[in-house]
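Each chain, written out:
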Amino acid sequence: MLDFWKMDRNSSPPSSDTEDEQAAGDSIGNTVYSKHWLFSILTKLIEVISSEKSDSNSNHEEVQTELDEEMENDICKMWDMSMDEDVALFLQEFNALDIFMGVFAKSKCPRLIEICVGILGNMACFQDICMSISKDDNLGQMLLQHLCDSDSPTLLETSRLLLTCLSQAEVANIWVERIRENPSVYDCVCFIMSSSTNVELLVKVGEVVDKLFDLDEELMLNWIKNGSCQSVGQSTDDSPEERPDFKIVPCVLEAAKQVRSDNPEGIDVYMHILQLLTTVDEGIQAIVQSPDGGRETWTLLYGLVCHELCQPDDPPIIIQEQKSVLASILSVLSAMFASQIQQEYVKRRKNMPLIGSLIRILQNMEDCGKRSSDNAKKSQPKDTEKLGTVEEDFHLKILKDICCELLSNMLQELTKENILEGLKQGHLNEQKCFCAFQNLLPLYFTSVESFLEALREADQTLADSLEKRFPSLKLQT
């Protein structure tokens, strides 16, 4: 569901609340908003643009301007009003799109540009208007240029507008193709991810990138392979050779570190971007062949799993809230472990905390599964509720499958010394081994058998106990 961008701005927009105005048909559609008032603001907006143009011609310098307070209040009211479909249609009918294009082309006022992009974003929430906005190539090009703006509020509204359009199937391909044909978008997005400290902006830009990669694998491959192409960076003073050669993985990691502590939703978005990258060989190579050999990615993801998500003092139900981000993180770790097993940062002796966390995730899923089953028996849900339960189980199953694959690969690599360390630190015990075996068998029989062989050397008593509970694992003589 698309969000209408309600902002904390001003008091309620003006209405045509007099009998004379209503009798004269001044109300916009089924609203109480005044056509006359709105039309007067559009007229003032044209005058503001004309005034700015005259000033810039006389000064011959592009100096940023500011809105006067009354005008800002009025167009902010129009921003609020544009959340209503009747108002949005009225604005479209009276060529507001052309007026906004004039603002983007001529205005030197960041606040005015921000508000106009925001109004367009509200209007784009309605399918027919979104189609008109998207098909206007000149407007589309101007909007993409604002991704290179130095004004954070404008960047935020531009990102919201793009995400709104990309979320509508009827026009998404128009924007994907437009972005693919504009190499500067890559540099602008990477610049934001690598340098911004505005968490709200980082989350929204991340959502745009995530949506783009999900919609179009070819574009994702282009961005993976990309360096700096005809940058349109934030500083126009920099010569091309002074601009950074952006790579997608370090930029994603930098943004993820910024949002890590402030926005759980944001970290979910950036982990999903990394997961999408690992769906192609080029993406995995981009991660593990980065300047640090993938160490930074592994360290970030390792820290999230071992120290922040699904912790021992969290209730088991936390797995429902975190299942999406955990599935993304574990997918990336699994791909990295499979390709970087000889790297120092994924060596077996350092992975016992991660193995313990994987088993804890499986334990929490088992606990949630039992509770869901018990509740279902008690409540006998209706068909719609059953559908919701099935959907929840599906997402948990995906997490379980990813978790088991990574756990099996890691257990298979453990030595006697690793296991002794895990037992000493509490990452392994009989209960945890039982949970691991129960989830891994029979699909990962070979991995479990390999782990059990090393366990016999470390703790024969524990190995014997597990063999009794899983007779299929007894040595064939």
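Before reading further, recall that the structure is shown in the block above.
Student: A description of the pattern of salt bridges should follow, citing residues and the corresponding values.
Tutor: Under the counting rule described, the total for this entry stands at 15 salt bridges. A salt bridge links R111 to E72, with the nearest nitrogen and oxygen atoms 2.7 Å apart. Taken together, the positions of R111 in helix α6 (residues 110-123) and E72 in helix α3 (residues 69-81) put the pair 39 residues apart, joining distant regions of the chain. Exposure remark for R111: the relative accessible area of 24% places this residue in the partly exposed category. Here E177 makes a salt bridge to R180, at a shortest N to O gap of 2.5 Å. With a gap of 3 residues between them, E177 and R180 both fall in helix α10 (residues 169-180), about one helical turn apart. It is possible to trace a salt-bridge network through shared partners that takes in E72, R111 and E114.

Student: A description of the packing of aromatic side chains should follow, citing residues and the corresponding values.
Tutor: On inspection of all chains with the given rule, the structure shows 9 aromatic pairs. Arranged with centres 6.0 Å apart and planes meeting at 50°, the rings of W298 and Y345 form a pair that is tilted. One end of the pair, W298, is in helix α17 (residues 295-308); the other, Y345, is in the loop between α18 (318-339) and α19 (352-379), with 47 residues separating them in the sequence. Of the two residues, W298 and Y345, neither departs from the other in class, the shared state being buried. Relative to F470, the ring of F434 has its centre 5.2 Å away and its plane inclined at 45°; by these criteria the two rings are tilted. Linking F434 in helix α22 (residues 430-440) with F470 in the segment after α24 (460-469), this pair joins segments that are 36 residues apart in sequence. Taken together through their ring pairs, the aromatic side chains of F434, F437, F451 and F470 make up a single cluster. It is R469 that lies over the ring of F434; its NZ or CZ is 3.9 Å from the centre.

Rules used in this analysis
Residues numbered from 1 in each chain as written. Predicted model: local features only at pLDDT ≥ 70, side-chain atom pairs only at ≥ 80, totals over all residues. Heavy atoms only, no water. Salt bridge = Lys/Arg side-chain N within 4 Å of Asp/Glu carboxyl O. Helix = DSSP H or I, 4+ residues; strand = E, 2+ residues; numbered from the N terminus. Buried < 20%, exposed > 50% of the residue type's maximum accessible area, 1.4 Å probe, protein only. Phe/Tyr/Trp six-rings, centres within 6.5 Å; stacked < 30°, edge-to-face > 60°. Lys NZ or Arg CZ within 6 Å of the ring centre and 35° of its normal.

The analysis is restricted to geometry; functional conclusions fall outside its scope.
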